[in-house]
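Chain residues, written in single-letter form:
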Amino acid sequence: MRFPEGTPQYDLRKTADKYGAAMLFEIFNYLGLAIVINVAVMLILGLFTGSTAIDTSTDIGYAEYMLLNAVVSYVPLFVVFCLIFKNELQETKYMYPYPKVRGETVILFFAGGCLGRVGALFTAYVSDLMNTLFNVPVPEAAFSDSISKNAIQFITFETFSVIVAPVCEELIYRHLLLRPMRKHGDMAAAVISSLIFALGHFNFDQFLYTFLFGFSLAVVAIRRDSVVPSIIIHMINNLLAGLGTYLPETFGNDVVDSIFDSLSFMAELFGLLLLFGGTAAVVIAAVLRLFSFREPDFIPNKEQLRIMLTSPLVIAGTASMLLLAFILLYV
């Protein structure tokens, strides 16, 4: 649908097209640019060490691998998204302040954790159903190639997962991709940034979980007008995931195994608290209208979503990212 130039709808569609372009670049980065950067780093490494491969079996090599993975995953996105949304990021006059509610960040943390885990359970059910009906192989766990085999490497993995990933992802998805759309409306901003966050994991099994969790992070960032609270929440979530999902069965040392088993048990208990205790937080958030967005006068929330999600570039980006995720996991 075409909109008259100079209208809010026209400006929203133009901004939405930029988000579609960002999604297509994320695919390009994953399939092409990341490989080019990896090859370039390996060639440079070969000039100094004589080897064009990182030995991930050593602790230093594993840390180098994790660092390189972080660089190729986040740096190109950060640079290109800054360029795409340069003008929008400088505009702040359309930001909508929200009344502060005591304890709202903690409430949203538990509510988001609960919604995310419910989404994960539903996604797991759908995945099992697909496997049963269509004989589709069960997809491997995310990060399976980088899961460590000893305590030092696991701590390295957790350092990147708990510190590097949350900081980078919140700056990318809850700043660079959230703020540009806020001038058109916070509902559209929360939805599109969460959608790209979920699709950007390229993990079909994680989509609903990451979308719902990302949406709760977007709400926190919008209400607090800062990514600091969302970074902290993201860090806690990744710490729990690492201890509950990616912890090796044994490190070959009874003392070390005992320590990490205790930490894993604590993470599982906290996960249950998020699932069941978070239900109360969802109710409280609903009563306090913490998930409600102010509706701008110029474009109602429903129209925001319709205009944004019918952008040809957004449709193309969404379909392409879903297809790639499906291929990576099931083909």
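Heads up: the structure comes first, above all this text.
Within any chain, residue numbers begin from 1 and follow the written order of that chain's sequence. In keeping with the model being predicted, local features are shown solely for residues with a pLDDT of at least 70 and side-chain atom pairs are shown and tallied solely at 80 or more, while totals for entire chains, interfaces and linings include all residues. Hydrogens are left out, water is left out, and the side-chain values use all remaining heavy atoms of the structure.

(A) Inspection of the overall build of the protein at higher detail. Tallying secondary structure elements over the protein gives 12 helices and zero strands in all. Overall, the protein shows an N-to-C arrangement of helices and strands of α-α-α-α-α-α-α-α-α-α-α-α. For the C-alpha atoms alone, the extent of the protein along its principal axes is close to 65 × 50 × 45 Å. Counting every position in the protein, which comprises 331 residues, the buried fraction comes to 47%. Every residue pair with non-hydrogen atoms within 4.5 Å of one another is taken to be in contact. For the protein, restricting intrachain contacts to residue pairs at least 6 apart in sequence, the fraction spanning at least 24 positions comes to 81%. Across the protein, the centroid of the 20 positively charged side chains sits 16 Å from that of the 27 negatively charged ones. A helix here means a DSSP run of H or I that spans at least four residues, while a strand means a run of E at least two residues long, and both kinds are numbered starting from the N terminus. Here's how the labels work: a residue is buried when its accessible area is under 20% of the maximum for its type, exposed when over 50%, partly exposed in between, all with a 1.4 Å probe on protein chains only. Charge counting treats Lys and Arg as positive and Asp and Glu as negative, with His and both chain ends excluded. For charged residues, the charge sits on one atom: NZ in Lys, CZ in Arg, CG in Asp, CD in Glu.

(B) Broad picture of the pattern of salt bridges. For this document, the term salt bridge refers to a Lys or Arg side-chain nitrogen within 4 Å of an Asp or Glu carboxyl oxygen. Applying the stated criterion across every chain yields a total of eight salt bridges. Ionic pairing is found between Arg-179 and Asp-225, a salt bridge with its closest N-O pair at 3.2 Å. Of this pair, Arg-179 sits in helix H6 (residues 179-182) while Asp-225 sits in the loop between helix H8 (207-224) and helix H9 (228-244), and the two are 46 residues apart along the sequence. Residue Asp-225 is classed as partly exposed on the basis of its relative accessible area of 45%. Of the charged contacts, one joins Arg-306 and Glu-303 as a salt bridge, the two residues approaching to 3.8 Å between their closest N and O atoms. In this pair, Arg-306 and Glu-303 are both assigned in helix H11 (residues 301-309), three residues apart and thus about one turn of the helix distant.

(C) Representation of the side chain of Asn-301 within the structure. Its place among the elements puts Asn-301 in helix H11. Take Asn-301: its relative accessible area is 11%, and that puts it in the buried class. Beyond its immediate chain neighbours, meaning those up to four positions away, Asn-301 contacts Met-187, Phe-293, Arg-294, Glu-295 and Pro-296.

(D) Representation of the packing of helix H2 (residues 59-84) against helix H5 (residues 151-176). Lines fitted to the C-alpha atoms define the axes, with helices restricted to the stretch that makes contact. Angles between their N-to-C directions range from 0 to 180 degrees. Two numbers describe how H2 lies on H5: the axes approach to 10 Å, and their chain directions differ by 0°. Judged by the inter-axis angle, H2 sits roughly parallel to H5. Class assignment of the residues belonging to the contact of H2 with H5 gives a composition of 20 nonpolar, two polar and two charged. What sets the label is the angle itself: under 35 degrees gives roughly parallel, over 145 gives roughly antiparallel, 65 to 115 gives roughly perpendicular, and the rest give oblique. Classes in brief: Ala, Val, Leu, Ile, Met, Phe, Trp, Tyr, Cys and Pro nonpolar; Asp, Glu, Lys and Arg charged; the others, Gly included, polar.

(E) Highlighting the nonpolar core. Among the buried residues, those of types Ala, Val, Leu, Ile, Met, Phe, Trp, Tyr and Cys that are joined through side-chain atoms within 4.5 Å form a nonpolar core. Counting 75 residues, the largest nonpolar core has Phe-81, Met-181, Ile-192 and Phe-293 as its most contacted members. Per element, the largest residue contribution to this core is 11 residues, and it comes from helix H7 (residues 186-199). Setting aside anything within four residues of it in sequence, one finds Ile-192 in contact with Tyr-19, Met-181, Met-308 and Val-314. One finds Ala-34, Met-42, Leu-68 and Val-72 within the second-largest nonpolar core, a separate group that totals five residues.

(F) Local environment of empty space enclosed by the protein. Think of a 1 Å grid over just the protein atoms. A cavity is a set of points where a 1.4 Å probe fits yet cannot get out, a pocket is an open set with protein on both sides within 12 Å along at least five of seven lines, and lining residues have an atom within 4 Å of a point. Grid points are joined across faces, edges and corners, and a volume is the space filled by probe spheres set on the points. For the structure on display, the rule yields one cavity of 30 Å³ or more. Approximately 40 Å³ is the volume found for the largest cavity. Considered class by class, the residues forming the lining of the largest cavity number seven nonpolar, one polar and no charged.

(G) Structural view of the environment of Gly-61. One can find Gly-61 in helix H2. Note: C-alpha distance between Gly-61 and Leu-178 (117 residues apart in sequence) is 35 Å. Residues in contact with Gly-61, not counting those within four places in the same chain, are Ile-54, Asp-55 and Thr-56.

(H) Here's a closer look at the state of the cysteines. Disulfide assignment relies on a single distance test, namely cysteine sulfur atoms paired within 2.5 Å. Inspection of the entire model under this criterion finds zero disulfides. For Cys-82, which is in no disulfide, the shortest distance to another cysteine sulfur is to Cys-168 and amounts to 12 Å. The class of Cys-82 is partly exposed, set by a relative accessible area of 27%.

(I) Focus on H9. The end-to-end C-alpha distance of H9, which contains 17 residues, comes to 24 Å, matching closely the 24 Å that a straight helix rising 1.5 Å per residue would cover. Taken together, the buried positions of H9 are Pro-229, Ser-230, Ile-231, Ile-233, His-234, Asn-237, Asn-238, Leu-240, Gly-242 and Leu-243. A helix is expected to span 1.5 Å multiplied by its residue count minus one.

(J) Spatial organisation of unusual backbone geometry. Non-glycine residue Phe-202 carries a positive phi angle of around 50°. The topology assignment puts Phe-202 in the loop between H7 and H8. Phi is positive for Asp-225, which is not a glycine, with a value near 50°.

Geometric values such as these leave the question of function open.
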